[in-house]
2 protein chains.
Amino acid sequence: MDELNTVAIIGLGLIGSSIARAAGAALPGSSLTGFDSDEAVRRRAAELGLVAVVDSAADAVRDANLVILCVPVGAMTAAAESIAPHLRPGAIVSDVGSSKASVAAELERVLSVARVVPAHPVAGTEQSGPDAGFASLFRGRWCILTPGETSDGPALLALRAFWQALGARVEVMDAHHHDLVLAVTSHVPHLIAYTIVGTASDLEAVTEGEVIKYSAGGFRDFTRIAASSPVMWRDIFLANKDAVLDTLQRFGEDLSLLQRAIRNDDGETLLDLFTRTSAIRRGIVEMGQDTAAADFGRTHEQG
Amino acid sequence: MDELNTVAIIGLGLIGSSIARAAGAALPGSSLTGFDSDEAVRRRAAELGLVAVVDSAADAVRDANLVILCVPVGAMTAAAESIAPHLRPGAIVSDVGSSKASVAAELERVLSVARVVPAHPVAGTEQSGPDAGFASLFRGRWCILTPGETSDGPALLALRAFWQALGARVEVMDAHHHDLVLAVTSHVPHLIAYTIVGTASDLEAVTEGEVIKYSAGGFRDFTRIAASSPVMWRDIFLANKDAVLDTLQRFGEDLSLLQRAIRNDDGETLLDLFTRTSAIRRGIVEMGQDTAAADFGRTHEQG
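The text that follows walks through the structure, step by step, so that each part is easy to find.

Conventions used here
Residues numbered from 1 in each chain as written. Chains lettered and ligands numbered in written order. Predicted model: local features only at pLDDT ≥ 70, side-chain atom pairs only at ≥ 80, totals over all residues. Heavy atoms only, no water. Helix = DSSP H or I, 4+ residues; strand = E, 2+ residues; numbered from the N terminus. Expected span 1.5 Å × (residues − 1). Buried < 20%, exposed > 50% of the residue type's maximum accessible area, 1.4 Å probe, protein only. Arc of directions from axis to C-beta. Polar contact = N/O pair within 3.5 Å; in protein donor to acceptor, adjacent residues only side chain to side chain. Least-squares fit on C-alpha atoms with pLDDT ≥ 70 in both. Contact = heavy atoms within 4.5 Å. Buried area = accessible area lost by both parts, 1.4 Å probe. Salt bridge = Lys/Arg side-chain N within 4 Å of Asp/Glu carboxyl O. Pairing = 2+ DSSP bridges. Phe/Tyr/Trp six-rings, centres within 6.5 Å; stacked < 30°, edge-to-face > 60°.

Residue and element names in this part refer to chain B. End to end, helix H6 (residues 153–165) covers 18 Å across 13 residues, agreeing with the expected 18 Å (1.5 Å per residue, within 8%). Of the residues making up H6, those classed as buried are Ala 155, Ala 158, Leu 159, Phe 162 and Trp 163. The arc that holds every buried residue of H6, seen down its axis, measures 135 degrees, which confines them to one face. For H6, the N-terminal cap is Asp 152; the gap from its side-chain oxygen to the backbone nitrogen of Ala 155 is 2.8 Å. Looking one or two places after H6, you find Gly 167, whose phi comes out positive at around 100 degrees.

Here we take up the relation of the copies chain A and chain B. Between chain A and chain B, which share one sequence, the superposing operator has a rotation angle of 180 degrees and an axial displacement of 0.0 Å; the RMSD is 0.0 Å. Expressed as an axis order, the relation between the two copies is that of a two-fold axis. Counting the interface residues of chain A, we find that 100% of their copies in chain B are interface residues as well, pointing to one common contact surface.

This part covers the interface of chain A and chain B. Contacts between the two partners involve 106 residues from chain A, matched on the other side by 107 residues from chain B. Together, the buried faces of chain A and chain B total about 10400 Å²; carbon and sulfur atoms form 68% of this surface. Linking chain A with chain B are 8 salt bridges, by the criterion used here. Salt-bridge contacts for A:Arg250 lead to B:Glu204; the nearest nitrogen and oxygen are separated by 3.4 Å. Our count for the chain A to chain B interface comes out at 20 residue pairs in polar contact (both at pLDDT 80 or more).

Within the secondary structure, B:Asn65 is located in the loop between helix H3 (57–61) and strand E4 (66–69). Every residue in contact with B:Asn65, bar those within four places of it in the chain, is listed here: B:Glu3, B:Leu4, B:Asn5, B:Thr6, B:Arg88, B:Ala91 and B:Ile92.

Residues and elements named next belong to chain B. Side chains of strand E5 (residues 92–95) alternate between two faces, with Ile 92 and Ser 94 and Val 93 and Asp 95 buried alike. Strand direction decides the pairing type here: E4 and E5, joined by 4 bridges, are parallel. Bridge assignment links Val 67 to a residue of E5, and that residue is Val 93.

Here we come to the pairing of strand E4 (residues 66–69) of chain A. Residue and element names in this part refer to chain A. The side-chain alternation of E4 yields two buried faces, one formed by Leu 66 and Ile 68 and the other by Val 67 and Leu 69. Where strand E1 (residues 6–10) lies against E4, 4 bridges are found, and the strand directions are parallel. Each residue of the ladder has a partner; that of Val 7, found in E4, is Leu 66.

This part covers the packing of aromatic side chains. One pass over the structure, following the stated rule, counts 14 aromatic pairs over all chains. Ring centres of A:Phe138 and A:Trp163 lie 5.0 Å apart, and the angle between their planes is 85 degrees; on these two criteria the pair is classed as edge-to-face. In this pair, A:Phe138 sits in the loop between strand E7 (119–121) and strand E8 (142–145) while A:Trp163 sits in helix H6 (residues 153–165), placing the two residues 25 residues apart along the sequence. Considered together, A:Phe138 and A:Trp163 belong to a single accessibility category, that of buried residues. For the pair A:Phe251 and B:Phe251, a centre-to-centre distance of 6.5 Å together with 85 degrees between the ring planes defines the contact as edge-to-face. Here A:Phe251 is found in helix H11 (residues 241–263), whereas its partner B:Phe251 is found in helix H11 (residues 241–263) on a different chain.

Structure representation (structure tokens):
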């Protein structure tokens, strides 16, 4: 199995800086280099001492046996092009994009000489930038690898071991299936949250001050989701267009049914659905993907 | 101003039991009685020592100068009817329903001899029952009073002082306006969350296990909202039908615009909205209605 003792991280935001922190703690013998196209981010990452920050993507990847592209999905092709001529022979190149089929195709096209293994760690917060990262972000979370038909086995095993060292649980999946699963578990929920926050701020009869004041009734949780990086999310929706539109279509049909139930005073239909959804919640808590502790009251307020 | 030294709480779930705990702590000289139509809840509330639990609504309210109905909106009329003949002259009757215009009309109709002041503390968690309550639930949250044309001034002032003693900030508002504000800040967000959780569990191509496994990408926050009491929420949607349907209509139009933007690769429209919504998030954090701390990673996982 490949030993990944020199890791280059391209893009030092929330995810890139969290990988740097986690790898620094879990793989003390390895060397970490990093680059970000934003000079302010490079400066901050250097201050934080997360990686050896260099001034070009070329310099970052020159000696690396693993390169991880941690840039928004829409910036992935440009990032791949900037490293392609400078890669060490046999280097493994991976990424962390939330949309996989289109990204994987681009990486394989641009990096035809490298060993490409696309990946997606399903973890994050609504915050952005190198200060937002933390070493335990991936602990107990799933990282999905989506190797293509030409991906080589040893590279897959090495990347799996890398993510496991960072505390993640690893799953291998077809890229198109990944995109469908993530459309419903992440992409469409984010789009809906952005939409309702926009709807609320456009109402004439309800002021923005009122929306903010009374947000504890549920709305604030949507604004939290809708505070995630705008560029990252724009890119995800455009890259995973088909699965997102298909899921949105189904969501719209289901919402119409509930609208009709409300209009017709059909409480039974409402109660059926509301009871059914609580079983999924229990499953998530049992799988350790969330805690059962009440959160609407916010932990810090209790006691 | 009326001194509210004997308080009866009808319904001892999350909100009722939280009022009991908060009043017990904030108003040590006052006497608290309570009743719940569910015998198991009465027994548990007695074990917890929250209030003097009695076996009928009539016994609970006999000596009270303040009665608070803490039952689902759809059970409000029956609860009011059960106390009407037993109220002490001059007693103030209030409630905690999330929908106000229809509830206020019912309370005023059934309790024409009492001094009715409808109220809605905008606070809660996704959990239910007497064990889920806690004394600080209302601290720093808003409680909206919606007095009718016939509400008397001293009763309004007394109820305001009561909620302030429990740590709430109090606002007075027209019942219909309340229903519009809450439709957008609470009711429609809940309906959307229930819907997408249902949509996810109905997909053929994605298993429920996958939905649960990869829920950390955003979905788990929707399941949290969709874990709230099914009966309570059924009642709210039916009671606030007009405002909910009107807000849903606008939400649907806004979602269609985004759908079209995705279909047409119109990244600018997406980026505009996603940037605008982050301002509302900042307002909520500045108003103290949520913390800025990253929550997607869940506090307990960090460090």
